[in-house]
Amino acid sequence: MATNLAERVQYPLDSSSYKILDEIGAGNSAIVYKAICIPINSTPVAIKSIDLDRSRPDLDDVRREAKTLSLLSHPNILKAHCSFTVDRRLWVVMPFMAGGSLQSIISHSFQNGLTEQSIAVILKDTLNALSYLHGQGHLHRDIKSGNILVDSNGLVKLADFGVSASIYESNNSVGACSSYSSSSSNSSSSHIFTDFAGTPYWMAPEVIHSHNGYSFKADIWSFGITSLELAHGRPPLSHLPPSKSMMLNITKRFRFSDFDKYSYKGHGGGSNKFSKAFKDMVASCLNQDPTKRPSAEKLLKHPFFKNCKGPEFLVKNVLNGLPSVEKRYKEMKIMDPDSKCNDDGDDDEDSVVKQRRISGWNFNEDGLKLEPVFPKDLSRDDEVVKQVRFEEEKVIKEDDVVASSGTVMETNPNVNASDVVDHENVGGLLKNREATLGTLNVLKESLEQELGQVKFLINLIGGNGEEIHVDDSEEKMAPEISKLRIEVENERKKNLQLELQLENIKLHLISSAVSSPTS
Amino acid sequence: MKGLFKPKPRTPIDIVRQTRDLLIYFDSSTESRDSKKEEKQMTELCKNIRELKSILYGNSESEPVTEACAQLTQEFFKEDTLRLLINCIPKLNLEARKDATQVVANLQRQPVQSKLIASDYLDKNMDLMDILIVGYENTDMALHYGAMLRECIRHQIVAKYVLNSPHMKNFFDYIQLPNFDIAADAAATFKELMTRHKSTVADFLSKNYEWFFADYNSKLLESSNYITRRLAVKLLGDMLLDRSNSAVMTRYVSSRENLRILMNLLRESSKSIQIEAFHVFKLFAANQNKPADIISIFVANKSKMLRLLDEFKIDKEDEQFEADKAQVMEEIAALEG
């Protein structure tokens, strides 16, 4: 451990000691380079260069990340050799991970997902990292394949602590420090965050001890989504256009129904390649009740991780024949020049929209609640707006693919109240808020009922009834099923739009309710 | 009560005592020692520190118990344990260093019979702060000692001591250390010192106005380091806009030299710095008793300033900012030479 600190000192703190070779990743405010450190035998390193002026109005986040990186020491966590500023940019020098991120690996060579054996190796190492992290009182808050990296030896490391939080960061909160969960944690109810950056300065102890915020178990949820991502090549529901408020809706919906969908897929899509152990492991992570999700420590003991292979297995089965990180990154840039790749060790504003949705979920739930309470907290607002804007950009692209009409976009609910005002009919709506809200609620309810009925039908005819089902009857029913499926999709879309509208109005009501007494 | 501590027969007091004994062992001379024994003792020490942490913060099985925390705290400060622990930190491994830091941090806030006895202890042992502050000069210790220091200056008497110590001047250098993580930690401590205890800060600033703002201007606001300028101008705004510092603010905005520096910051290409600079600059314009030389600068640069402000837009709408801007422009426009 002491060697880590010694090692940290060795890396020079001036940019001239490094030679940049290739860009290997980029996000909204950071670029990741492959470089060599000239005075240290030209050792390859990855340098994450963060634009401090463009990103994060609150430099405390950056400080926290730097500190977290300096003080963590675990074989499955990507540490920083050192960090220093170069004019307006912060350079974080890290070990170079030749395999790149799993997101990049999947999108290049395993678009339909990895094999279960490979997944087990990756997830086990990720869990080791998470277990250590949680034992240290840290939340990662951005678990996804884009943040899981592999080196040339098949060693897996968890990266990017840009939004991580610690229960010990206590400058502003006595309450947040009132308790601690050791590495054997299986009850994390007492460590809850409800803000984005992890400084719950406004929280009373009794709030912290409630189940309202998010805790270590939020990482477990993301871990579950990541498992699905590795298995299918993309996270669930990634075909839907994201937006701030939709994040909320989708996550709500997702919690209820998507796991069904997932298992449905496994049945109907001929991809029943996953073991019961794997499904069971993922299901436990995606339990709607955070307290029922296992801790990282406990998950490690899950049968799925028994007889897990070692890093050589990844070298042989995943890394073998894979082009280099820099090459993959270039290819991707050529194919999709507008998109920003999330690669090695990056990143905050991520191009892979669907993942943002998952990590945004916690934030969102609170964002709605918090903003009116702290209208002065400009930095947070900023954060929100940035995030939403970024996703809007992506929506356009996704939209073509989904071929859903532009209406989804038009109703895109920006949290920024001023945007909402632009809606022509809001003025009218505002005059009888109650009535409109009521109507929309009724509509929403009826749509949900309909959705439920159709789903029930689908399940009855073609879905979950694995045991009752015979192959040829399934064939006969196929057209019927797909017709119904389309119907459900349509209903869903309509429903989503309405919910978006509803959210929109709610937001507006909240913000106007808050601003009216003061103005 | 004890039932809550399940398998541990040792009381919090026992653990503190044992920790202290082990610390004394390591604090004393290190020559001619059985390395095997030493290793064993070190393992034991690290284990004890972790147990202290677990009592203070709770663990997976239980929340912290007030009574146990109070016993631990009382025993800890009964003797010179904190000094021993601080001295011993360089000898611990990384995990134990982190545990120890968290223990020290927590102890600062532990009430014993509704009194913060940590404060009383530190009152008599202020020299410990000297060790912690100088820790910023040691790469390996900086983040641990820095975190402890920040917790200790939550006590007003400690903050007062640090503010008035000769170390205060060193913060201007610590903030600009090449290691970003350490520099940022020092900056966080500096900010805490300059904002937390209002009356103490106001008192400090009025007594040390000359050297403090001379250094602040030349070393921080005019630093070649972007991040230093940005943090400094933000903190300057926080300090000057605080009501308790109104006398200092009045003095600051009456200086021609200060105005010059702020005007330069206002013209920076960095939006973040510009915005923060504006929040200080507006105070110069809003000052109803502008000295003649300030007025003359405003008059001489009137059209340039008005143009700059007119073109000065921030990315997102901010009514307060727009209102401030309009007012500042009005003030400047109304000035006659």
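Residues numbered from 1 in each chain as written. Chains lettered and ligands numbered in written order. Predicted model: local features only at pLDDT ≥ 70, side-chain atom pairs only at ≥ 80, totals over all residues. Heavy atoms only, no water.

On to the overall build of chain A, then. Helix and strand content of chain A: 18 helices and 10 strands. Among the 519 residues that make up chain A, the fraction classed as buried is 58%. Of the contacts made within chain A by residues no fewer than 6 positions apart, 74% connect residues no fewer than 24 positions apart. A total of about 21,200 Å² of accessible surface is found on chain A, and carbon and sulfur atoms cover 55% of it. (Helix = DSSP H or I, 4+ residues; strand = E, 2+ residues; numbered from the N terminus. Buried < 20%, exposed > 50% of the residue type's maximum accessible area, 1.4 Å probe, protein only. Contact = heavy atoms within 4.5 Å. Areas by Shrake-Rupley, 256 points an atom, 1.4 Å probe, with all protein chains shown as cover.)

What follows is about the overall build of chain B. Counting its regular elements, chain B contains 20 helices and two strands. Across the 337 residues in chain B, those meeting the buried criterion constitute 57%. Taking as baseline every contact in chain B between residues at least 6 positions apart, the subset at least 24 positions apart corresponds to 70%. Put simply, chain B shows about 14,900 Å² of open surface, and 51% of that area lies on carbon and sulfur atoms.

A few words now on the sheet that holds strand β4 (residues 82-86) of chain A. Residues and elements named next belong to chain A. Strand order in this open sheet of five strands is β1-β2-β3-β5-β4, and the pairing throughout is antiparallel. With one partner strand each, in any of the chains shown, β1 (18-26) and β4 form the two edges of the open sheet. Pairs of neighbouring strands in the sheet enclose a mean axial angle of 30°, with direction left out of account. Bridge count for strand β2 (residues 30-37) against strand β3 (residues 43-51) is eight bridges, and the pairing is antiparallel. (Pairing = 2+ DSSP bridges. Axes fitted to C-alpha atoms, helices over the stretch in contact; angles between N-to-C directions.)

Once that is clear, we can look at the sheet that holds strand β9 (residues 156-158) of chain A. Residues and elements named next belong to chain A. Read from one edge to the other, the open sheet built from three strands follows the order β6-β8-β9, with strand pairing classed as antiparallel. Every other strand in the sheet has two partners, leaving β6 (100-101) and β9 as the edge strands with one partner each. Here β6 runs beside strand β8 (residues 148-150); their pairing, made up of two bridges, is antiparallel. Across the sheet, the residue bridging to glycine 100 is valine 150, located in β8. Helix-sheet contacts for helix α4 (residues 116-135) involve β8 and β9, and the interaxial angle to β9 is about 40°.

A few words now on helix α10 (residues 311-319) of chain A. All names here are of chain A. Among the residues of α10, those classed as buried are Phe313, Leu314, Val318 and Leu319. Angular distribution of buried residues about the axis of α10 spans 155°; they occupy a single face of the element. Residues of α10 that are exposed and angled more than 90 degrees away from the buried face: Glu312 and Lys316. Buried-residue contacts for α10 involve α3 (102-109), α4, β8 and β9. One or two positions beyond α10, positive phi appears at glycine 321, with a value near 80°. (Arc of directions from axis to C-beta.)

Residue and element names in this part refer to chain A. Positive phi, normally seen in glycine, also occurs at asparagine 41, with a value near 50°. Topologically, asparagine 41 is positioned in the loop between β2 and β3. Not every positive phi belongs to a glycine, and aspartate 87 is a case in point at roughly 50°. Secondary-structure assignment places aspartate 87 in the loop between β4 and β5 (89-95).

Glancing now at the UniProt feature "binding site: ATP" (unreviewed entry) in chain A. Residues given the UniProt feature "binding site: ATP" (unreviewed entry) here are Lys48 of chain A. By the element assignment, lysine 48 of chain A lies in strand β3. (UniProt positions renumbered as here; feature names shortened; annotations may be inferred.)

This paragraph deals with the packing of helix α13 (residues 209-221) of chain B against helix α16 (residues 256-266) of chain B. All names here are of chain B. Where α13 meets α16, the axes come as close as 12 Å, and the angle between the chain directions of the two elements is 25°. In terms of orientation, α13 and α16 fall into the roughly parallel class. When you trace α13 past α16, the crossing you get is left-handed. Contacts between α13 and α16 pair Tyr209, Asn217 and Leu221 from the former with Asn258, Ile261 and Leu265 from the latter. (Parallel < 35°, antiparallel > 145°, perpendicular 65-115°, else oblique. Left-handed = near helix turned anticlockwise from the far one by under 90°.)

Time to look at the environment of aspartate 219 of chain A. All names here are of chain A. With respect to the element layout, aspartate 219 can be found in helix α6 (residues 216-232). For aspartate 219, a relative accessible area of 0% translates into the label buried. Between the C-alpha atoms of aspartate 219 and cysteine 285, which are 66 residues apart in sequence, the distance is 9.2 Å. Apart from the residues lying within four places of it in its own chain, the contact partners of aspartate 219 are Leu130, His134, Leu139, His140, Arg141, Asp142 and Ile143.

Another aspect to go through is helix α18 (residues 292-300) of chain B. Residue and element names in this part refer to chain B. Buried within α18 are the following residues: Ile294, Ile297 and Phe298. For α18, the angular spread of buried residues about the axis comes to 100°, placing them on one side. Relative to its buried face, α18 has exposed residues pointing more than 90 degrees away, namely Ala292 and Ala300.

What follows deals with the packing of aromatic side chains. Residues and elements named next belong to chain B. Taken as a whole and assessed by the stated rule, the structure comprises 31 aromatic pairs over all chains. On the numbers, 6.1 Å between centres and 70° between planes, the contact of tyrosine 136 with phenylalanine 171 is edge-to-face. Linking tyrosine 136 in the loop between α7 (127-134) and α8 (142-152) with phenylalanine 171 in helix α10 (residues 171-174), this pair joins segments that are 35 residues apart in sequence. Classification of tyrosine 136 by relative accessible area gives buried; the value is 2%. Ring centres of phenylalanine 204 and phenylalanine 212 lie 5.5 Å apart, and the angle between their planes is 85°; on these two criteria the pair is classed as edge-to-face. Above the ring of tyrosine 209, the side-chain terminus of arginine 251 is found at 3.8 Å from the ring centroid. (Phe/Tyr/Trp six-rings, centres within 6.5 Å; stacked < 30°, edge-to-face > 60°. Lys NZ or Arg CZ within 6 Å of the ring centre and 35° of its normal.)

Residues and elements named next belong to chain A. By the bridge criterion, seven bridges tie β1 to β2 in an arrangement that is antiparallel. Paired with aspartate 22 across the two strands is lysine 34, which belongs to β2. Where β1 folds back onto β2 in an antiparallel hairpin, the turn is made up of three residues.

One finds Phe190, Met194 and Tyr216 of chain B to be the most contacted residues of the largest nonpolar core, which totals 173 residues. In terms of residue count, α4 of chain A provides more of this core than any other element does, 10 residues in total. Filtering out sequence-adjacent residues up to four positions away, tyrosine 216 of chain B remains in contact with Phe172, Phe190, Leu221, Ala232, Leu235, Leu236 and Met239 of chain B. (Core = buried A, V, L, I, M, F, W, Y, C linked by side-chain atoms within 4.5 Å.)

In this section: the pairing of β2 of chain A. With seven of its eight residues buried, β2 of chain A lies for the most part within the structure. Count of turn residues in the β2 of chain A/β3 of chain A antiparallel hairpin: five residues, of which asparagine 41 of chain A carries a positive phi of about 50°.

With that out of the way, let us pick up the pattern of salt bridges. Two side chains of opposite charge can pair, provided their charged atoms sit close to one another. Residue and element names in this part refer to chain B. This model, assessed by the stated rule, comprises 31 salt bridges over all chains. As a salt-bridge pair, arginine 20 and glutamate 79 come within 3.6 Å of each other at their nearest N and O atoms. One end of the pair, arginine 20, is in helix α1 (residues 12-27); the other, glutamate 79, is in the loop between α3 (66-78) and α4 (81-88), and 59 residues separate them in sequence. For glutamate 79, a relative accessible area of 42% translates into the label partly exposed. A salt bridge links aspartate 242 to lysine 198, with the nearest nitrogen and oxygen atoms 2.8 Å apart. One end of the pair, aspartate 242, is in the loop between α14 (226-240) and α15 (246-252); the other, lysine 198, is in helix α12 (residues 198-207), and 44 residues separate them in sequence. One salt-bridge network, held together by shared partners, links Arg17, Arg20, Glu75, Lys78 and Glu79. (Salt bridge = Lys/Arg side-chain N within 4 Å of Asp/Glu carboxyl O.)

What follows concerns the packing of α4 of chain A against α10 of chain A. Residue and element names in this part refer to chain A. Put simply, α4 and α10 touch, their axes get as near as 10 Å, and they point 130° apart. As far as their axial angle goes, α10 and α4 are oblique. In the crossing of α4 with α10, the sense of the turn from one axis to the other is left-handed. Of the residues in α10, those touching α4 at Gln117, Ser118, Val121 and Ile122 are Phe313, Leu314, Asn317 and Val318.

Residue and element names in this part refer to chain A. Here lysine 298 lies in helix α9 (residues 296-299). Its relative accessible area of 53% is what places lysine 298 among the exposed residues. Expressed as a C-alpha distance, the spacing of lysine 298 and serine 131, which sit 167 residues apart in the sequence, is 9.0 Å.

All names here are of chain B. Here threonine 19 lies in helix α1. Of the polar contacts made by the side chain of threonine 19, one reaches the backbone oxygen of isoleucine 15; its length is 2.6 Å. Excluding its chain neighbours within four sequence positions, the residues that come into contact with threonine 19 are Leu45, Asn48, Ile49 and Leu52. (Polar contact = N/O pair within 3.5 Å; in protein donor to acceptor, adjacent residues only side chain to side chain.)

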